[in-house]
Amino acid sequence: MIVLGIEGTAWSLSAGVVDENNIILIENNPYIPREGGIHPREASQHHSDSIPDLISKVFSNVSPEEVDLIAFSQGPGMGPCLRIVATAARLISLKLKKPLVGVNHCLAHVEVGRWRTQAENPVVLYVSGGNTQIIARRGNYYRVFGETLDIGIGNGIDKLARHMGLKHPGGPRIEKLAESGREYHELPYVVKGMDLSFSGLVTAAQRLYDNKVRMEDVAFSFQETAFAMLTEVTERALAYLNLDEALLVGGVGANKRLQGMLRTMCKDRNAKFFCPPNELMGDNGAMIAYTGLLMYRHGYETRVEDSAVKPDFRIEDVEVRWD
Amino acid sequence: MKVYLGGEAEVRIHENEVEKIRRQKRYRILELDEILRKSRTKTEAKIISIARRNGVPTPLILDVDGDKIVMERIKGEPVKMVMNTEVSREIGRMVAKLHRKGIIHGDITPMNLILSDNRIFFIDFGLSFIEDRVEPKGVDLHVYFESLKASFDNWRELREAFIEGYREYGGTEDVLIRLQQIEERGRYIERVEQTG
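Rules used throughout
Residues numbered from 1 in each chain as written. Chains lettered and ligands numbered in written order. Predicted model: local features only at pLDDT ≥ 70, side-chain atom pairs only at ≥ 80, totals over all residues. Heavy atoms only, no water. Salt bridge = Lys/Arg side-chain N within 4 Å of Asp/Glu carboxyl O. Buried < 20%, exposed > 50% of the residue type's maximum accessible area, 1.4 Å probe, protein only. Domains from an automatic or database assignment. Contact = heavy atoms within 4.5 Å. Buried area = accessible area lost by both parts, 1.4 Å probe. Helix = DSSP H or I, 4+ residues; strand = E, 2+ residues; numbered from the N terminus. Lys, Arg positive; Asp, Glu negative; His and termini not counted. Pairing = 2+ DSSP bridges. Axes fitted to C-alpha atoms, helices over the stretch in contact; angles between N-to-C directions.

Draft legend 1. Looking closely at the pattern of salt bridges. A full pass over the atoms with the stated rule returns 38 salt bridges over all chains. Linking B:Glu131 and B:Arg133 is a salt bridge whose minimum nitrogen-to-oxygen distance equals 2.7 Å. The class of B:Glu131 is buried, set by a relative accessible area of 17%. You can call B:Arg133 partly exposed: its relative accessible area is 44%. With a shortest N-O distance of 2.8 Å, B:Glu173 and B:Arg167 are connected by a salt bridge. B:Glu173 sits in the partly exposed class, given a relative accessible area of 40%. What emerges from the salt-bridge pattern is a single network uniting A:Glu232, A:Arg236, B:Glu8, B:Lys20, B:Arg22, B:Arg40, B:Glu44 and B:Asp124.

So this is what it looks like as C-alpha cells:
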C-alpha cells in the first residue's frame, strides 16, 4: 500500500510517500519568516503558494495512480495553515478517487519514531516549537503525563534567539553557540510534578544577554537548564510508569546536547534511549503518511464532510487500535 | 536493606530509619546539579516539618545533610493493603490540612501513605511545593483519584469518602469546583473503550 501524507501545521510544509516498510520520498518547502516569529497568515500564504509545486514534485517521482491513500495532518496547529493542507488533501483524494485519512500530528511524531527505532512501549518526550509533552501509552490511548504549562520549548528557544539577533531557525544557532559556553548562570528551573514551564526561563535568559553576558554563555546556561528540566520529567515518567525505554521526537530533538543528556540518564537507570534520524525529527510528510497507513489498516477513514481541521486536536482523542 | 530508585532520589530503607539521597545526576552540569539537590532536600525537610506541626502525621526527621534526609521509618501497613472508606476519609482530612497551609503534596497515592497506630502517615514529600493557589490543589486531588482508579474497584466510594473528609474543615469548595474543571479538560477525560 502506497500512502501520500501532507504536513503543514506550522512553518513546515512537507509531503511524504511511504509504504509498509519504507519511506519512498520526502519533499520539504518550509516557510521562513523574513523577520520576527511565525505569522500564521504569512505561513498559510506560503503554504497555499507552494503546495501545487510540492505536490507536482511528488507526482513526478511517484505516479498518482500508484497512490492508495491520502493522509493529512488535521491538527493540532495553526488554523489557517491546517486549512490549506486539508483543502489540498481533499482535492487530491476526490480527483484520484482515493480514500482520505485525517491524522493527529503528535500521534504521527510518536508512531514514526516507534517505526524507525526499535522502541516498543516507550516514554515519549515530544519537543517542538509549540509542543512539549511527556507521552506514554496506557491501554488503547496515548496519554499525556506531563506538558508545558506555558510555551513550547522550541518557541522559547526561538524567542531567545530573536532577542539575541539570530536568524530563524534559532535552534541550531543556539546549539552552536552553547558549544562554546563556559560559564553557567543560574536560571529559573521550573518543574512541577511532570509539568514544566519555560516562559520565566526565557525572560531571565534574555535579561542575561541585556546585561552583556557572553552570547555563548547565555545559550549554554539556557540549554543546560531547559534540557535538564526535560530530562528530569522524562526520568520521572520512567520511574512512575515503571518503563525502561525513552523515545525522543520533534524538531528540538535534533539537538545533540538534549540527546546526550537523555542518553546519559537512560544509561544510569538501565533504560534504552531511542531517537529517529534527523530528517524525521522535525515536522515531515512521511510521518503523516505512515500514521495514515496504520490508521487506515485499522479501520479509520475520514469522509470529506468530516475532514474539518482541528486546531486543538489532542493525541488522547485518538483510539490506538494497533500494537 | 532495600533500595528503591525513584525518578529523583534513591531511597534506602533500613531497620529503623530511611535515608533519602538525591544523588548526583550525570546528565546535568555540576553547578546546576548541586543547586537543585541542596535546595530540594532543604525544601522537602522544611515541608515535612510544617506538615507535622499542623497535625499531619509524618516521619520524624533525624538528620538533613546536604543531599540526604534521614528520617524515622514508619512501621505499619501500606495504605494500598488496608484501603477502605474510613481510611480514604481520613486521607481527605489530612490533605485539607496540608492545603490550608499552602502545601501541595504533588504525589498523593496509596503507595506513599502508611497506616500506623490508626493514623495515616505521609511519608514522601519529594514532589511537594508551597503554593497557595486553587489549581495545584485541584491537581493534587486529581492525582489521588487517578491512583484510586488504577488500584481499587470501589474507587467511586473511596473518592466520595475522601471528598467528605476534605470538606470537613470548610473553605475547600473552590478547590472542588476547580477539580471538576480539571477533569473536564481534554487531557483528563476518561474514554469509554470502543469495540470493533
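Read on for the rest.
Draft legend 2. Molecular detail of the domain arrangement of chain B. All names here are of chain B. Taken domain by domain, chain B holds domain 1 (2-72) and domain 2 (77-195). The centre of domain 1, based on its C-alpha atoms, is set 22 Å off from the matching centre of domain 2. If you look at the interface, domain 1 gives 16 residues, while domain 2 gives 16 residues. Summed over both sides, the interface of domain 1 with domain 2 buries roughly 1300 Å², with 72% coming from carbon and sulfur. By the criterion of area lost to domain 2, the three top residues of domain 1 are Ile47, Val56 and Pro57, representing 42% of everything that side buries. Inspection of the domain 1/domain 2 interface yields one salt bridge. Between Lys20 and Asp124 there is a salt bridge, with its nearest N and O atoms 3.0 Å apart.

Draft legend 3. Inspection of unusual backbone geometry at higher detail. The omega angle of the peptide bond from A:Gly75 to A:Pro76 is -5 degrees, so this bond is cis rather than trans. Position of A:Pro76 among the secondary structure elements: in the loop between β4 (69-75) and α2 (79-96). Cis geometry marks the peptide bond from A:His168 to A:Pro169, where omega comes out at -5 degrees. Along the chain, A:Pro169 falls in the loop between α4 (153-163) and α5 (170-179). Phi at B:Asp117 takes a positive value of approximately 50 degrees, unusual for a residue other than glycine.

Draft legend 4. Structural view of the side chain of A:Glu27. Residues and elements named next belong to chain A. Its location among the elements puts Glu27 in strand β3 (residues 23-28). Lys57 provides the closest opposite charge to the buried, salt-bridge-free Glu27, at an N-O distance of 4.0 Å. Excluding residues within four positions of it along the chain, Glu27 makes contact with Leu13, Ser14, Ala15, Leu54, Lys57, Val58 and Asn61.

Draft legend 5. Quick peek at the sheet that holds strand β3 (residues 17-21) of chain B. All names here are of chain B. The sheet built from five strands is open, its strands ordered β1-β2-β3-β5-β4 with antiparallel pairing. Across the chains shown, the open sheet's two edge strands, defined by having one partner strand only, are β1 (2-5) and β4 (61-65). On average, each strand axis in the sheet is tilted by 15 degrees relative to the strand beside it, whichever way the strands run. Looking at chain direction, β1 and strand β2 (residues 10-13) are connected through four bridges and run antiparallel. Its bridge partner being in β2, Val3 is matched across the sheet by Arg12. Relative to the sheet, helix α1 (residues 30-53) contacts β3, β4 and β5 (68-72), its axis offset from that of β5 by approximately 25 degrees.

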